[in-house]
Amino acid sequence: LGAGESGTGAAVLAKKQGFNVWLSDCGKINEKYKNVLSHYEIAFEEGKHNEAQILDADEVIISPGIPLTVPLVKKIKEKGIPVISEIEFAARYTKASKICITGSNGKTTTTLLLYHILKNAGFNVGLGGNVGESFAMQVATQEYDWYVLEISSFQLDSMFDFKAEIAILTNITPDHLDRYDYKFENYIDSKFRITQNQTNNDAFIYCLDDEVSATEVNRRNLRARIYYTTFQPDNTSANAYCFDKKIHININNNHFTMTLEELALQGKHNAYNSMATSIGASLLDIRKESIRQSLSAFENVPHRLEYVARIHGIDFINDSKATNVNSA
C-alpha cells in the first residue's frame, strides 16, 4: 500500500523473492516509481484502492505515510491479514547488521553522521530507512554487511520481528500526536519499539539529559547493553560526556576527546548527536583517529542550520528542515 520510495522498494524486493505482488496507491504515482514498477513487471493501480483485491492478500506492506487508523487498514487487520512495514519485510532477506536511529529530533543528522564515519572507515555499508534509498530496494539489488537506518515512529509501529544490533534514541518530545490518539505515552511506546527483540549482545544508546528517555529507560526492562550521553560535567562514568569544552568518549576503557570547536556540526544538540555516533562507532572498534577525522569533516544536511550569508553583521541561517517547535 503506497507507491513512494518505501512502497516501491518493498514491491521490488517482494517480486525478486518470488511473491505474487501487487501495489495499490489511492493517489497519483510519481513517474519515477512507475518506471521502476514497469521495469520489474509489477502490477499496480493508482487513484483508487481495489478493496476486494487488497483483502485477498496474504500480507500487506504499508507505507509509513498511511495511518494504521484509516478504515481500509482497519478492515485488513480485522480480516487477520498481517500489516507490516517495509523495514520489517526487508530485514527478513538480509544477514547484514543494522544500526538504527530514532528520536523526535536529530535522527537524520545522527544517521548521516554515523554512515559517514562507517563509510570513511572502509565498512561495506548502506544508508536507508527514513532517509536516502529504500532499505528494501537495497536488499533487493545490493549486498551490504551493514546498514545505518533512520527509523520513524510510523515505521516502528508496524515492526515485529525486526532487530537493531545497535539502537540509538536521540530524544523524545511531543510530535505527530495526531497519529497516536493525542496521547504522548503512545508516541513514547512507539519510539521504544526500537529496542524490541534486542538481546544482551546488542547495544542501546540514549541521552541521559533527555528527561523522557531517562525516565523510560529506568522504567523498562531493556535487555540490551545500555550506553548514554550527557552534558553533566561531574558524570564521568558516562560513556560520552561534555566537560571543559570537549566531548569525552569512553568505551571499554578506550578514551578519546575532541574540542567542541573541532566538531563540524556546531551547537549543543549536535554535540549530543556527535557523542551518540562516537559511541556507536567505538562499539564497532573503529579507530579513534578515524572517528575524529569524520566528525570534523562532515557536511550537514541541506536546509538544516545551513549557513547562508552574513549581511550587515547579521548571520542568516536556513533551518527550513525543522518540522516542530523543539527542532526549530
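Parameters at a glance
Residues numbered from 1 in each chain as written. Predicted model: local features only at pLDDT ≥ 70, side-chain atom pairs only at ≥ 80, totals over all residues. Heavy atoms only, no water. Pairing = 2+ DSSP bridges. Helix = DSSP H or I, 4+ residues; strand = E, 2+ residues; numbered from the N terminus. Axes fitted to C-alpha atoms, helices over the stretch in contact; angles between N-to-C directions. Phe/Tyr/Trp six-rings, centres within 6.5 Å; stacked < 30°, edge-to-face > 60°. Buried < 20%, exposed > 50% of the residue type's maximum accessible area, 1.4 Å probe, protein only. Parallel < 35°, antiparallel > 145°, perpendicular 65-115°, else oblique. Contact = heavy atoms within 4.5 Å. Nonpolar A, V, L, I, M, F, W, Y, C, P; charged D, E, K, R; others polar. Core = buried A, V, L, I, M, F, W, Y, C linked by side-chain atoms within 4.5 Å.

S.K.: Which residues make up the sheet that holds strand β12 (residues 246-251), and what values go with them?
M.R.: Ordered in space as β6-β7-β5-β8-β9-β10-β11-β12-β13, the nine strands form an open sheet in which the pairing is mixed. Edge positions in the sheet fall to β6 (125-129) and β13 (254-259), since each has one partner strand and no second. Taken over all neighbouring pairs, the strand axes of this sheet differ in orientation by 20° on average, direction set aside. Looking at chain direction, strand β5 (residues 97-102) and strand β7 (residues 146-150) are connected through five bridges and run parallel.

S.K.: How would you summarise the packing of aromatic side chains if you had to cite specific residues and measurements?
M.R.: Applying the stated criterion across every chain, the model contains ten aromatic pairs. Taking 6.1 Å as the distance between ring centres and 50° as the angle between the ring planes, the aromatic pair formed by Phe-192 and Phe-204 counts as tilted. Linking Phe-192 in the loop between α9 (184-191) and β9 (203-207) with Phe-204 in strand β9, this pair joins segments that are twelve residues apart in sequence. Judged by its relative accessible area of 0%, Phe-204 falls in the buried class. Aromatic side chains Phe-231 and Tyr-272 sit 4.9 Å apart centroid to centroid with 55° between the ring planes, which places their arrangement in the tilted category. One end of the pair, Phe-231, is in the loop between β10 (225-230) and β11 (240-243); the other, Tyr-272, is in helix α11 (residues 268-283), and 41 residues separate them in sequence.

S.K.: Can you lay out the packing of helix α1 (residues 5-16) against helix α2 (residues 31-39) for me, pointing to particular residues and giving the numbers?
M.R.: For the pair α1 and α2, the least separation of the axes is 10 Å and the interaxial angle reads 5°. With respect to each other, α1 and α2 are oriented roughly parallel. For the pair formed by α1 and α2, the contact residues are Glu-5, Thr-8, Ala-11 and Val-12 on the first element and Lys-32, Tyr-33, Val-36 and Leu-37 on the second. Classifying every residue of the contact of α1 with α2 by side-chain character gives five nonpolar, one polar and two charged.

S.K.: Mind laying out the nonpolar core, listing which residues take part and the relevant values?
M.R.: Within the largest apolar cluster, 50 residues are counted, with the highest numbers of intra-cluster contacts made by Phe-135, Ile-151, Phe-162, Phe-192 and Phe-204. In this structure, Cys-207, Leu-265, Ile-279 and Leu-283 belong to the second largest nonpolar core, which totals 38 residues.

S.K.: Summarise unusual backbone geometry; cite the residues concerned and give the values.
M.R.: Negative phi values dominate among residues other than glycine, just as trans dominates among peptide bonds. Of note, the phi angle at Lys-245 is positive, near 60°, even though the residue is not glycine. Within the fold, Lys-245 resides in the loop between β11 and β12. Overall, the relative accessible area of 70% leaves Lys-245 in the exposed class. Phi at His-312 takes a positive value of approximately 50°, unusual for a residue other than glycine. Considering the arrangement of structural elements, one finds His-312 in the loop between β14 (306-311) and β15 (314-318).

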